[in-house]
Amino acid sequence: MINIIDRLVVLFFKKITNIKRNYYKKRLGVKKLDIYFPVSISNLNNLKIGENCAIAPFVQMWTNEVINIGENTAIAAHVQITTSTHDYLHRPYRDKRIDIPITIGKNVWIGGGAIILPGVTIGDNAVIGAGSVVTKNIPENTLAYGVPAKVMKQLLGDSESISNGVNLSEDK
C-alpha cells in the first residue's frame, strides 16, 4: 500500500512541475525551456529569454529592470542575477535603489554559484566560472572567472571548437 502511495505522490509532483514549466514557457514566450525548481524570478515581465535555455534549481533573478538572456544559454544551480543595487553614498541605503539592465548573450554558460551584478553584459559564447562575481562586462568567446571575474582565456569563435570544451589545466 505504501508503495502505491509513494508512486502517486511522485506522479503528483511531476505533474505540478510540468504545469509550472509550461506556465513559465507561456509567460516568457518560448517553446523550449529547461527550468528546474525551485527558481525565484521577481518579475517575469522583465525577463526576456531566448529558446532552448536551461535554468537549474535555486537560481534567483531580481528583475527590477530587464534581464535579456540569449538562446542556448545554461545557468547552473545557485546563480544569482540582480539588476538592483543601492547608492552607498545615500543614507539610509534602502531609500535609494538603482536598477540597471543586464544582457547575457547566446550560448553562454554561467557556472554554479556565480553572481551577476547590475549593468553587466556577457557576450555570446562566454563561460563564467563557478563562484565568480561578475562586476564588469565580459567579451564574447571568453572564459572568465574569479572574484571579481576576469577574462582568463580567449575561446575560439566557431561552434565546433566551443562544443569540444576547454582544458583549464593547459595554461598551468
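Fair warning: this is a prediction, and the values are worked out from it, not measured in the lab.

Caption draft 1: The arrangement of the pairing of strand E18 (residues 150-154) in detail. Of the strand pairs in this sheet, strand E17 (residues 142-145) and E18 are connected by 4 bridges, and their pairing is antiparallel. The residue bridging tyrosine 145 from the neighbouring strand is lysine 150, located in E18. Turn length for the E17-E18 hairpin, with the two strands adjacent in sequence and antiparallel, is 4 residues, and the turn residue glycine 146 shows positive phi of about 115 degrees.

Caption draft 2: Looking closely at the sheet that holds strand E6 (residues 67-69). Here 4 strands make up an open sheet; going across it, the order is E3-E6-E11-E14 and the pairing parallel. Since the sheet does not close on itself, it has two edges, and those belong to strand E3 (47-49) and strand E14 (121-122), each with one partner. Summarising the sheet, E6 and strand E11 (residues 102-104) pair through 3 bridges and their orientation is parallel. The residue of E11 that forms the bridge with isoleucine 67 is isoleucine 102.

Caption draft 3: Looking closely at the side chain of threonine 63. Structurally, the position occupied by threonine 63 is in the loop between strand E5 (60-62) and E6. With a relative accessible area of 0%, threonine 63 lands in the buried category. For threonine 63, the side chain forms a polar contact with the main-chain oxygen of asparagine 43, separated by 2.8 Å.

Caption draft 4: Geometry of the packing of aromatic side chains. Counted according to the given criterion, the structure contains 3 aromatic pairs. With 5.3 Å between their ring centres and 75 degrees between their planes, phenylalanine 12 and phenylalanine 13 make a pair best called edge-to-face. With a relative accessible area of 49%, phenylalanine 13 lands in the partly exposed category. Ring geometry for tyrosine 24 and phenylalanine 37: centres 5.6 Å apart, planes at 50 degrees, overall tilted. Here the residue tyrosine 24 occupies a position in helix H1 (residues 2-28), and phenylalanine 37 occupies one in the loop between strand E1 (33-35) and strand E2 (40-41), the gap between them amounting to 13 residues. Residues tyrosine 24 and phenylalanine 37 agree in their burial class; the two are buried. The ring of phenylalanine 37 is capped by lysine 20, whose NZ or CZ atom sits 4.3 Å from the centre of that ring.

Thresholds, definitions, all that
Residues numbered from 1 in each chain as written. Predicted model: local features only at pLDDT ≥ 70, side-chain atom pairs only at ≥ 80, totals over all residues. Heavy atoms only, no water. Pairing = 2+ DSSP bridges. Helix = DSSP H or I, 4+ residues; strand = E, 2+ residues; numbered from the N terminus. Buried < 20%, exposed > 50% of the residue type's maximum accessible area, 1.4 Å probe, protein only. Polar contact = N/O pair within 3.5 Å; in protein donor to acceptor, adjacent residues only side chain to side chain. Phe/Tyr/Trp six-rings, centres within 6.5 Å; stacked < 30°, edge-to-face > 60°. Lys NZ or Arg CZ within 6 Å of the ring centre and 35° of its normal.

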